[in-house]
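For reference, the chains in residue letters:
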Amino acid sequence: MLDLYKLGELPEYRNLAQNVRDGVNPISVFGVSDSAKAHFTASLASDRSILFVTQGFLRGEKIKNDIEFFTQEKAVLFPERDFLMQAQMQSGPIQQKRI
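Predicted, not measured: the structure shown is a model, and the values here were computed from it.

**Some words on unusual backbone geometry**
Inference 1: Asn25 connects to Pro26 through a cis peptide bond whose omega is -5°.
Inference 2: Within the secondary structure, Pro26 is located in the loop between α1 (11-21) and α2 (34-44).

Listed below in structure tokens is the structure:
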């Protein structure tokens, strides 16, 4: 695993980590790159699960890959809502054919 704890030298990160330990939620991070957010997430997720919400599938795929790089563990990417809605709409005619 990479040395993720260099982040502990940053006061902003220490504040973020304290909020996580104190159970403050939800927590949002703004003004840093997606890779930095993935780095924060990987460091904070060392002993817990974290839900990372982002806009768009391609951006989500990149962040997922970054998190996997930092943690050396598998991350899960849920499909976009539009995809889920489309799948639900398509299942109606398929169910009718079965009946």
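**Quick notes on the confidence of the model for the protein chain**
Detailed reading of the predicted model is not advised wherever pLDDT is low.
Inference 1: On average, residues of the protein chain score 78 in pLDDT, and 76% of them reach the 70 mark or higher.
Inference 2: No element of the protein chain has a lower mean pLDDT than helix α4 (residues 81-98), at 55, and none a higher one than helix α3 (residues 57-71), at 90.

**Re the pattern of salt bridges**
Inference 1: By the definition in use, this model includes 4 salt bridges.
Inference 2: Between Asp66 and Lys62 there is a salt bridge; the shortest N-O distance is 3.1 Å. You can see Asp66 and its partner Lys62 sitting in helix α3, 4 residues apart, about one turn around the helix.
Inference 3: Look at the salt bridges and you will find they share partners, linking Lys64, Glu68 and Lys74 into a network.

**Looking at the packing of α1 against α2**
Inference 1: Between α1 and α2, the shortest axis-to-axis distance is 11 Å and the interhelical angle comes to 45°. In terms of their interaxial angle, α1 and α2 are classed as oblique. Relative to α2, α1 is oriented so that their crossing is right-handed. Facing Tyr13, Leu16, Ala17 and Val20 of α1, the residues of α2 in contact are Phe40, Ser43 and Leu44.

**Looking at the nonpolar core**
Inference 1: Of all hydrophobic cores here, the largest spans 7 residues; its members are Leu7, Tyr13, Leu16, Ala17, Val20, Phe40 and Leu44.
Inference 2: Elements supplying a minimum of two residues to this core: α1 and α2.
Inference 3: The leading source of residues in this core is α1, at 4 residues.
Inference 4: Setting aside anything within four residues of it in sequence, one finds Leu7 in contact with Tyr13, His39, Phe40 and Ser43.

**Observations concerning α3**
Inference 1: Between the first and last C-alpha of α3 there are 21 Å, a value that for 15 residues agrees with the 21 Å anticipated at 1.5 Å per step.
Inference 2: What α3 keeps buried is the set Gly60, Ile63, Lys64, Asp66, Ile67, Glu68, Phe70 and Thr71.
Inference 3: Those residues of α3 hidden inside the fold are in contact with α2.
Inference 4: Phi for Gln72, located one or two positions after α3, is positive at around 60°.

**Concerning the environment of Asp66**
Inference 1: Judged by its relative accessible area of 15%, Asp66 is buried.
Inference 2: Considering only alpha carbons, one finds Asp66 and Ala36, 30 residues apart in sequence, at a separation of 9.1 Å.
Inference 3: Contacts of Asp66, omitting those with residues within four sequence positions, involve Ser35 and Ala38.

The rules behind each value
- Residues numbered from 1 in each chain as written.
- Predicted model: local features only at pLDDT ≥ 70, side-chain atom pairs only at ≥ 80, totals over all residues.
- Heavy atoms only, no water.
- Helix = DSSP H or I, 4+ residues; strand = E, 2+ residues; numbered from the N terminus.
- pLDDT = per-residue confidence, 0-100.
- Salt bridge = Lys/Arg side-chain N within 4 Å of Asp/Glu carboxyl O.
- Axes fitted to C-alpha atoms, helices over the stretch in contact; angles between N-to-C directions.
- Parallel < 35°, antiparallel > 145°, perpendicular 65-115°, else oblique.
- Left-handed = near helix turned anticlockwise from the far one by under 90°.
- Contact = heavy atoms within 4.5 Å.
- Core = buried A, V, L, I, M, F, W, Y, C linked by side-chain atoms within 4.5 Å.
- Buried < 20%, exposed > 50% of the residue type's maximum accessible area, 1.4 Å probe, protein only.
- Expected span 1.5 Å × (residues − 1).

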